[in-house]
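Spelled out, the chains give:
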Amino acid sequence: MQRILVKQADGHPTVAFRESIDEKHSRMVPNGTVLQMVGRDGEHVKVMFDGRVGYIKARNAKLIVSAKKPPAQAPVAKPVSPKAFNPPTPDVVPAKLSSVCTFSFNGTPYTIDTSKTTMEPDMSVHDWIVANVPNSGLRRSCGVGRCGSCVSMLTFTDANGKTAHRSFNSCLRPILACNGMHVTSSIGIGTTKNPHAVQKAIAENNGTQCGFCSVGMVMNLYSHLQESPQGLTTSELDKLIDSNYCRCTGYRPILAAYKSFATNASDAPKEDAAETKRRADIFSAEHLPCPPAQPVKMINPAPANVRGNVRGTVGNAQWVQATTEAELMSALKAMSQASPPVDDIFLVGGHTSVPLFPRRANAYIQVGTIPTLQQCSIDDKGVTLGASTTLNDAVTFLEQVASTQPADKVISIKKIAEHGVLSPGGNIRNAGTLGGNVMIAYEHQNNQAFPVDWPMLFQAVRALVTVVDATNGSQMVITLDEFFNTASMKYKYIQKFFIPYSNANDVFFSFRTASRQRYAEADCAAAMRCNISGGKITKNSVALVFNSVGPKPMRYPAIEAAMNEIDPTNQALFQSLCEQLANSISPIERPDYKRSLALSYFYKFFLNMQPSLPSSLILAAHPWLLKNTTQGTQHFQKNTSRAPVGEPIPKIDGLKQCTGEAEYVQNIPLPANTLHACPVTATTIGNFTVSDAEVAAKVEGYKGMILAKDVPNNKHNGGGNVIAENKTTHIGEVVCVMLADTPQRAVLAAKAVEVVYTTEKGNLILTCEDAIAAGSYFTKKEFSLKKGNVATGFNNSDYVVDDTWDISGQYHFHMETQSCLALPNTDNDGLEVHSATQLPVALSDLLCETLEKTKAQVIVKNKRCGGGFGGKLFNSVLPAKLTSVAALTKKQPVSMVLEQNTNMQMLGLRVPWHFESKVGFNKDGTINAVQLRPYANAGFLNQSNGSASAFLVSFDNCYNVENWDVDIKLCKTDLPSNTSMRGPGWLPGIYNSERVISVVAAKLGMSAADVREKNFYKKGDVTPYGFTLSNWDIDSLWANTKQSSGWQTRMQTVQTFNKTNRWVKKGLALVPTKFAVGYTTENAFDVDVAVNNDGSVSVMSGGTEIGQGLTTKVTQTIAFYLGIPMDRITIIEQSTAVLGKHLGEDITGGSISSELCSLAAKNACNRILEALSPVKKLLPNASWDELVKEAYRIGIPLHFLAMDEGIAKGKDANGDVYNTYGVCALECTLDVLTGQVDLPRSDLIFDIGTSANPAIDIGQVEGAFVMGLGYTLTESISYDDKGAMKCAEYLLPTPWEIPTTFNVTLATEIANPVTVNGGKAIGEPPMTFTYAAIDAVQMATAAAAADAKMDPQLCVSSPFTVEQRYQLAKASYKNFTLS
């Protein structure tokens, strides 16, 4: 292939490169760059640059004809030339071995001598660094590589001898696998004194809330920028977050920060000018600022002095680092010849499968450092991929091959690369290898534990795998089908894979359906290939491979043979093949669903074989829905009259969170003798015994066990036990606590302890339906409400419809798991307890009860929580009690940081509900009567009274119904006590009222929006619970949302789309919310404000910062009232030595903590100003510092602990003070053939009153809304038959699930008279908008069902999962047509 030298004819230093000749936007290529020339087009030369094919003007290109060495090329990765994979001699011994592992962390070299350490061989990078390096800035949440909070950057020399930078999960990679490498965390690239541009961009774009995920987000972006010095486009940056969770922000501001680094940032999608004007005309709103990113400065880590390949015995296992295949074969052969043979050997590539398949091996051989196993090459027959090639490197290489080779040769290669990014997530793909992926399928082919896709793709293209037997050096080159039938892989390894080029007229497509678009186990997947010649399928060219339907990737030879030489356009033949396939596929689980999905894929495959398609089928042929680059607008009315109150100021801790300097409980430096605790939880209900007799022998560093007998007062939460006494009462109950000298060993001890159940309860009660059948209820308190007479209402109705549906629970998934550090105080026989809690004062009281200590002896402290959402309320109590009991028993500091899975199994979640209702209504949509029978799954002990009470002030939402009858039953089940979570009671109440609307609309065939309008309250109406709607503004918000979102036009567009597309449908919903906000004595807060003698101010807030911006709003309030800059104010950690001195309990929740703490802060400020008033009279022109100095001189105290008076003000009889209102318009697109949903656009308008901080409040709206989307679409909770939650199947939303266009408006300037700063509750109400997702998807499934000539159905439960969506869309193969 010819090469050209880039040289600007006009003397400029760069040349414009465009991917199409008429493209307006270009990228710049420096003069002197050498590019591959792939063709000409008139006055343009077609070239390859940065992995893309595009054009430069011919006059700026010079053909290279000389054989001399060309000038330095641009940093463009090119396919590696073929290199032979000759079998090495198995008994070659490396020249340089060492027992010492050497690496650097943030530029500082470290060593581990395996001959001296007692660490575990697979101890992770995170665990080793946190234990040995102070102030590392590392975080850990899930511990299984799914959440991304632990992400750092790994720098190493790749197989081609180049320096590589990769984001990676530090919780997974063994520290011993970092020999000769460099690890960089966020604190290593910048601090608050000298922040990196990436850290600043995320903080200044309001991309942090709780901040626990922030360092992972920083390092994910930083690593990609480091690896891509040529820069990344907006589209590329928008797709980088697929394995980093953020539970708080809704991702939009983080994506905005990412995209500010784009090489084409000025070309990013923007709101249509006409739409911007329309919105401005309605709201006169300002945009949230998006600061431009600074140039990226890269930091090169210092080299480590590597002594040699690591080889040694660590713990009870061997660790061998192999850097050549000869060393690998030598090690395997030696292990096969040992006496006895070492037969449990772990070949370590990325070490990413361990969380899914926990395993402790006798020997670990690191193969990820063998260059020949990582090399990728091409020849005239196809592509060779080394077995240790990471999944991302494989995708990148295949993309490069697809862009440089003739299109007809790379048909399958291009599609494999497209499929390869779907799962797992990017950080896992940076470490996981092709060989490891295939070995997962091989080793677990009989249990279908976690189906992976690469083996399926390889089988479909008839790839070959080369297997080497280390005992004799022999090779096998076999197909994947033959590989899966290999009897044993002991002492063997996969060397490489070979993918043949496609033939002309090949057809290859792959398909995948999962609970979310990226990084999720597939419900079903398939890869299909054939060749078409002369209008017929070429004989023996067909491969049909299906995943997740059998114990391994399944092929159906009879169907493949039946497709030989048929006409793919023949409808009758196609239907016959569908019948055969339907009769052949027998999925192990959910057979009807998976079989039908497989047939949908088969249909899509055939659609892609058609010479042409009618417009109604074109979209159906796509394998999956594509998501465009995200964008969004944020609008608010700026109010600077009380500055800094009202200004859109980023969170005061945002930058500290991004650098890693923000301290959470798990980051507190530990005393040298600290023990680590891990609870053991019940797997059944019954009598048990527990023994640790063999634990010490199995787990080095084991330090003992805490049992019920060690707890001074074992009663917990008024009915349970802190630790079970001989008999468990529910699944997940703590039976003992294991202690060890490291967190990892504590977990190992928990797995090693022997718990024997002598009795076992049958027929577990897990659901509300189970409880109803068993008559299992809590009956001490009734929760019911009646208005009017429902019987009369039903008699006066044209229709009366019965309905049943369920709303699932939801796991909080606060990124910081429950964490506690208990430090014994030898002076008073007490404890200092650092707990990630939302209720420090109440926790102190409860600890005193359990420990039988006084309040003076037990001091609870907390700086911040890494998320809460209600999960750090009473769920934080049990971990704190367990940790404190252990510390007092052992008289040593004890730390407990729960594993995410343990957190999920041991503690309760959002209350699940079951609803049975009857609705009476007229033909015009007027609702006359509703009878509700809600059943709440409270768990084994009732903590759900608050949720039930909140339900009773929200079940009506925005609708004036004359007759109500609501009677709630609290169900007693065998699960942990369920608890509060963001909008407890309000969310199911409002969802249920919207469900009533859906029932009426479905029966009448009306638009749900029209039914809503028909039944709206009017200003001055009184709710069933007696609240007068004096400030009702839904009518104006509704009209404004319709206008600003272009509702009418878009609805017509959606209806037209649904009429003209058979297998892809759209839905559009418009949903209001009314959220009742009330104060009780539990909501009273203390705030301690102390003016220091230098004029600075120290503040302790009784409200806990959990990401909602409470401390920022309190700081703004104090700055305003004292008239000082915000930087003179410091928030200090909470301590019950100070708090809890008033009536208030300082319990953070209910979305009102910020406003009440601000009120308490104002009260403290007023007392300070009152104390200063005599000084002010004496010194009227004095500065603040001068006033304070004089006050101190004359002995005037300027330190006040004040409480809000919210409990005594504005309070309605039932505790309701005001309502917040909002409206949401949401659009969805549904692939009827897969159940996949995309959300093209949402428009949220929210009445916030007068916002104290629009930046924070918009973030709360976005975060709550995306959490609600998870609740309605992806976060499905399931249990096995023994009541254990299937934690790995619980999936949060990612950026792929948020609306592509995400518009948020804070709507009104009308101040709320009840609150100190005129704002309203913001953290929870926006979550209730998300019934709109259900409503929109139901519109889409109804359109699909109508096409199938079937009656539409409403969803039977929330979340409205991909399986349920698919089933309600009625995709039957009998309706599949090819034209």
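All figures in this text were calculated on a predicted structure; none of them were measured in a lab.

Cut-offs used in this document
Residues numbered from 1 in each chain as written. Predicted model: local features only at pLDDT ≥ 70, side-chain atom pairs only at ≥ 80, totals over all residues. Heavy atoms only, no water. Helix = DSSP H or I, 4+ residues; strand = E, 2+ residues; numbered from the N terminus. Contact = heavy atoms within 4.5 Å. Areas by Shrake-Rupley, 256 points an atom, 1.4 Å probe, with all protein chains shown as cover. Pairing = 2+ DSSP bridges. Axes fitted to C-alpha atoms, helices over the stretch in contact; angles between N-to-C directions. Parallel < 35°, antiparallel > 145°, perpendicular 65-115°, else oblique. Left-handed = near helix turned anticlockwise from the far one by under 90°. Nonpolar A, V, L, I, M, F, W, Y, C, P; charged D, E, K, R; others polar. Expected span 1.5 Å × (residues − 1). Buried < 20%, exposed > 50% of the residue type's maximum accessible area, 1.4 Å probe, protein only. Core = buried A, V, L, I, M, F, W, Y, C linked by side-chain atoms within 4.5 Å. Salt bridge = Lys/Arg side-chain N within 4 Å of Asp/Glu carboxyl O. Phe/Tyr/Trp six-rings, centres within 6.5 Å; stacked < 30°, edge-to-face > 60°.

Asks: Provide a residue-level description of the overall build of the chain, including the pertinent values.
Replies: Regarding its fold elements, the chain presents 36 helices and 55 strands. The long-range share in the chain, meaning contacts at least 24 apart out of those at least 6 apart in sequence, stands at 77%. Accessible surface for the chain amounts to roughly 48600 Å². Of this, 50% is attributable to carbon and sulfur atoms.

Asks: Could you give me a rundown of the sheet that holds strand E50 (residues 1134-1135), with the residues and numbers involved?
Replies: The strand order E32-E35-E30-E42-E39-E40-E41-E50 describes an open sheet built from eight strands, whose pairing is mixed. Of all strands in the sheet, those bounded by a partner on one side alone are strand E32 (702-706) and E50. One ladder, built from two bridges, connects strand E30 (residues 675-681) with strand E42 (residues 894-897); its direction is parallel. The residue bridging His 676 from the neighbouring strand is Ser 895, located in E42. Strands in contact with helix H20 (residues 743-752) are E30, E32 and strand E35 (734-740); relative to E30, the strand with the most contacts, it is inclined by about 25 degrees.

Asks: So, the packing of helix H23 (residues 840-851) against helix H24 (residues 877-890): which residues are in play, and what are the values?
Replies: Contact pair H23 / H24: the axes reach a minimum separation of 10 Å and the direction vectors enclose 45 degrees. Between H23 and H24, the angle is such that the two are oblique. Viewed along their axes, H23 and H24 form a crossing whose handedness is right-handed. Contact residues: Leu 843, Leu 846, Leu 847, Thr 850 and Leu 851 in H23; Val 877, Ala 880, Lys 881, Ser 884, Val 885 and Leu 888 in H24. The residue makeup of the contact of H23 with H24, split by class, is eight nonpolar, two polar and one charged.

Asks: Quick rundown of H23? Include the residues and the values.
Replies: The terminal C-alpha atoms of H23, which comprises 12 residues, lie 16 Å apart, in line with the 16 Å expected from a rise of 1.5 Å per residue. Summarising burial for H23: 10 of the 12 residues are buried, a large majority. The complete set of buried residues in H23 reads Pro 840, Val 841, Ala 842, Leu 843, Ser 844, Leu 846, Leu 847, Cys 848, Thr 850 and Leu 851. On the buried face of H23, the contacting elements are strand E33 (715-716), strand E40 (830-835), strand E41 (858-862), H24 and E50.

Asks: Please give an account of the nonpolar core that cites residues and values.
Replies: Counting residues in each nonpolar core, the largest one holds 243 residues, and the members touching the most others are Phe 546, Met 563, Phe 602 and Phe 605. Aside from chain neighbours lying at most four places away, what touches Phe 546 is Ala 525, Ala 526, Met 528, Lys 552, Pro 553, Met 554, Tyr 556, Leu 581, Ile 585 and Ala 598. Val 410, Phe 458, Phe 497 and Val 545 belong to the second largest nonpolar core, which has 48 residues in total.

Asks: Requested: an account of the side chain of Ser 223, with residues and values cited.
Replies: Following the sequence through the fold, Ser 223 ends up in helix H3 (residues 214-227). Dropping the residues within four chain positions of it, Ser 223 is found in contact with Ser 152, Met 153, His 165, Arg 166 and Ser 167.

Asks: How would you summarise H20 if you had to cite specific residues and measurements?
Replies: The buried fraction of H20 amounts to eight of the 10 residues, a majority that puts the element mostly inside the structure. Every buried residue of H20 is listed here: Gln 744, Arg 745, Ala 746, Val 747, Leu 748, Ala 749, Ala 750 and Ala 752. Check the buried side of H20 and you find it contacts helix H1 (125-132), E30, helix H19 (695-698), E32, E35 and strand E36 (754-757).

Asks: Now, about the environment of Leu 373: what can you tell me, with residues and values included?
Replies: Tracing the backbone shows Leu 373 in the loop between strand E18 (363-366) and strand E19 (376-378). Sequence spacing of Leu 373 and Glu 325 is 48 residues, and the spatial spacing of their C-alpha atoms is 7.8 Å.

Asks: Which residues make up the pattern of salt bridges, and what values go with them?
Replies: Tallied over the entire structure, the rule returns 54 salt bridges. A salt bridge links Asp 127 to Arg 140; the shortest N-O distance between them is 3.8 Å. With Asp 127 in helix H1 and Arg 140 in the loop between H1 and strand E11 (151-157), this residue pair connects regions lying 13 residues apart in the sequence. Classification of Asp 127 by relative accessible area gives buried; the value is 16%.

Asks: Describe the sheet that holds strand E48 (residues 1097-1101), with residues and values.
Replies: The strand order across the open sheet formed by four strands is E49-E48-E47-E51, and the pairing between neighbours is mixed. Looking at which strands have only one partner, the edges of the open sheet turn out to be strand E49 (1129-1131) and strand E51 (1199-1203). Between one strand axis and the next, the sheet turns through 20 degrees on average, direction left out of account. Along the sheet, helix H32 (residues 1153-1178) contacts strand E47 (1086-1091), E48 and E51; its crossing angle with E51, the most-contacted strand, is approximately 140 degrees.

Asks: Before we move on, could you go through the environment of Leu 1273 and cite the residues and values that matter?
Replies: Within the secondary structure, Leu 1273 sits in helix H34 (residues 1254-1274). In this structure, the C-alpha to C-alpha distance between Leu 1273 and Arg 516, residues 757 residues apart in sequence, is 8.6 Å.

Asks: Describe the side chain of Ser 884, listing the residues and the values that go with them.
Replies: Mapped onto the fold, Ser 884 is located in helix H24. A relative accessible area of 0% places Ser 884 in the buried class. Contact partners of Ser 884, with chain neighbours within four places excluded, come to Ala 822, Leu 831, Val 833, Leu 847 and Leu 851.

Asks: Hey, could you go over the packing of helix H31 (residues 1110-1122) against H32 for me, with residue numbers and the actual values?
Replies: Two numbers describe a pair of packed helices, the interaxial angle and the distance between the axes. Look at H31 against H32: their axes get within 9 Å of each other, and the N-to-C directions meet at 30 degrees. Looking at the two axes, H31 sits roughly parallel to H32. For the pair H31 and H32, the sense of crossing is right-handed. In this structure, H31 contributes Leu 1110, Lys 1113, Val 1114, Thr 1117, Ile 1118, Tyr 1121 and Leu 1122 to the contact, and H32 contributes Ser 1153, Ser 1154, Cys 1157, Ser 1158, Ala 1161, Lys 1162, Cys 1165, Asn 1166, Ile 1168 and Leu 1169. Grouping the amino acids of the contact of H31 with H32 by side-chain chemistry returns 10 nonpolar, five polar and two charged.

Asks: So what's going on with the packing of aromatic side chains? Which residues, and what values?
Replies: Each aromatic ring pair is described using two quantities: the centre-to-centre distance and the angle formed by the ring planes. Scanning the model with the defined rule gives 45 aromatic pairs in all. Relative to Phe 458, the ring of Trp 454 lies with its centre 5.8 Å away and its plane at 55 degrees, an arrangement referred to as tilted. With Trp 454 and Phe 458 both in helix H12 (residues 454-460) and four residues apart, the pair spans about one turn of that helix. Of the two residues, Trp 454 and Phe 458, neither departs from the other in class, the shared state being buried. Pairing Phe 574 with Phe 602 gives two aromatic rings, centres 6.0 Å apart and planes at 20 degrees, and the pair type is stacked. One end of the pair, Phe 574, is in helix H15 (residues 571-584); the other, Phe 602, is in helix H16 (residues 591-607), with 28 residues separating them in the sequence.

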